[in-house]
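A closer look at the structure
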Amino acid sequence: MKRFSILVVILVVGCGPSLPPHAFLVTPEMLAQRQLETRRYDGIKEEDLLSASSNVLQDLGYQLENSEPKLGVFTAVKQRSATDTGEIILSIIVTMLSQQPMPWSKDQTIRVALVARPVYDSSGNALPDSHYVRITFQRLVRKTDNSVYVQTLRDPEIFEGFFEKLSKSVFIEGQKI
């Protein structure tokens, strides 16, 4: 019986989908996106950096959802309307022409994941009070038919705006103002 179970497991795993040959290949676009999402901060303790980061996100209207300060990770969300007049007009026109209802975007949840990690020198030693901060933004859009789609936000202005505010907050946190 035990051998039969192992054989079944091997057959099921062996018949599963395999990874594409270039699944783990790093592209120039991926590196550019990573650089957009990441900044280095020196002269501040990790807990102060996380505090400054959470303050900036709260100022931007996000609510902290999950946090694990010992790992330097937290997530935050905010709810917003996703209604777009142009999309509604297009939906009405398509519905009138095709006699098939076309849903439009109703609301959205914007999710943020932030990770702070130490900077290491060439010997593999962590540099004191030096950290990288990486942030990603996604939005989950719900349509009028309750379907949902997810979109990763890649607009450089979003990242530049966040990191500009974070730099100011880090300065204030570092000065204990």
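Please read all numbers here as calculations on a predicted model, not as lab measurements. (Residues numbered from 1 in each chain as written. Predicted model: local features only at pLDDT ≥ 70, side-chain atom pairs only at ≥ 80, totals over all residues. Heavy atoms only, no water.)

Once that is clear, we can look at the environment of isoleucine 110. Along the chain, the position of isoleucine 110 falls in strand β4 (residues 105–120). Between the C-alpha atoms of isoleucine 110 and valine 150, which are 40 residues apart in sequence, the distance is 9.7 Å. Non-local contacts of isoleucine 110, meaning those with residues more than four positions away in its chain, are made with Tyr62, Ala76, Val77, Lys78, Arg80, Gln138, Arg139 and Leu153. (Helix = DSSP H or I, 4+ residues; strand = E, 2+ residues; numbered from the N terminus. Contact = heavy atoms within 4.5 Å.)

What follows deals with the pattern of salt bridges. Under the counting rule described, the total for this entry stands at 5 salt bridges. One salt bridge connects arginine 111 with glutamate 65, and the closest N-O pair in it is separated by 2.7 Å. Of this pair, arginine 111 sits in strand β4 while glutamate 65 is found in strand β2 (residues 63–68), placing the two residues 46 residues apart along the sequence. With a relative accessible area of 38%, glutamate 65 lands in the partly exposed category. (Salt bridge = Lys/Arg side-chain N within 4 Å of Asp/Glu carboxyl O. Buried < 20%, exposed > 50% of the residue type's maximum accessible area, 1.4 Å probe, protein only.)

Turning next to a nonpolar patch on the surface. A cluster of nonpolar side chains, namely Val26, Met30 and Leu31, defines an oily patch on the protein surface of about 290 Å² accessible area. Within the element layout of this structure, leucine 31 appears in helix α2 (residues 28–37). With a relative accessible area of 48%, leucine 31 lands in the partly exposed category. (Patch = residues over 30% accessible without salt bridge, like charges linked within 9 Å, V, L, I, M, F, W, Y side chains within 5 Å. Areas by Shrake-Rupley, 256 points an atom, 1.4 Å probe, with all protein chains shown as cover.)

Another aspect to go through is the packing of aromatic side chains. Applying the stated criterion across every chain, the model contains 3 aromatic pairs. Consider the rings of phenylalanine 137 and phenylalanine 159, whose centres lie 5.4 Å apart with planes at 70 degrees: the pair is edge-to-face. Of this pair, phenylalanine 137 sits in strand β5 (residues 126–143) while phenylalanine 159 sits in helix α5 (residues 156–175); the two residues are 22 residues apart in sequence, bridging distant segments of the chain. Neither residue differs from the other here; phenylalanine 137 and phenylalanine 159 are each classed as buried. (Phe/Tyr/Trp six-rings, centres within 6.5 Å; stacked < 30°, edge-to-face > 60°.)

In the predicted model, the chain carries a mean pLDDT of 86, and 88% of its residues have values of at least 70. Per-element averaging of pLDDT across the chain places helix α1 (residues 2–14) at the bottom with 57 and strand β1 (residues 38–42) at the top with 96. (pLDDT = per-residue confidence, 0-100.)

On to the packing of α2 against α5. For any two helices packed against each other, one specifies the inter-axial angle together with the distance between the axes. For the pair α2 and α5, interaxial distance at closest approach is 9 Å and the crossing angle is 30 degrees. As judged from the angle between their axes, α2 and α5 are roughly parallel. Note on element contacts: α5 touches α2 through Pro156, Phe159 and Phe163, opposite Gln33, Leu36 and Glu37. Tallied by class, residues from the contact of α2 with α5 come to 4 nonpolar, 1 polar and 1 charged. (Axes fitted to C-alpha atoms, helices over the stretch in contact; angles between N-to-C directions. Parallel < 35°, antiparallel > 145°, perpendicular 65-115°, else oblique. Nonpolar A, V, L, I, M, F, W, Y, C, P; charged D, E, K, R; others polar.)

Moving on, we get to the packing of helix α3 (residues 46–59) against α5. Packing of α3 against α5 brings their axes to within 9 Å, and their N-to-C directions diverge by 130 degrees. In terms of orientation, α3 lies oblique with respect to α5. Remark: the crossing between α3 and α5 carries right-handed chirality. On the side of α3, the interface is formed by Asp48, Leu49, Ser51, Ala52, Ser53, Asn55, Val56 and Leu57, while α5 contributes Phe162, Lys165, Leu166, Ser169, Val170 and Glu173. When grouped by side-chain class, the residues that make up the contact of α3 with α5 number 7 nonpolar, 4 polar and 3 charged. (Left-handed = near helix turned anticlockwise from the far one by under 90°.)

Attention now moves to unusual backbone geometry. You will see that glutamine 99, though not glycine, has its phi angle at about 60 degrees, which is positive. Counting through the fold element by element, glutamine 99 comes out in the loop between α4 (85–98) and β4. Even without being a glycine, aspartate 129 presents a positive backbone phi close to 55 degrees. Residue placement: aspartate 129 occurs in strand β5. With a relative accessible area of 29%, aspartate 129 lands in the partly exposed category.

So, on to the environment of glutamate 87. The topology assignment puts glutamate 87 in helix α4. A sequence separation of 15 residues divides glutamate 87 from methionine 102, and the C-alpha atoms of the two residues are 9.9 Å apart. Ignoring sequence-local partners within four residues, the contact set of glutamate 87 consists of Ala82, Trp104, Ser105 and Lys143.

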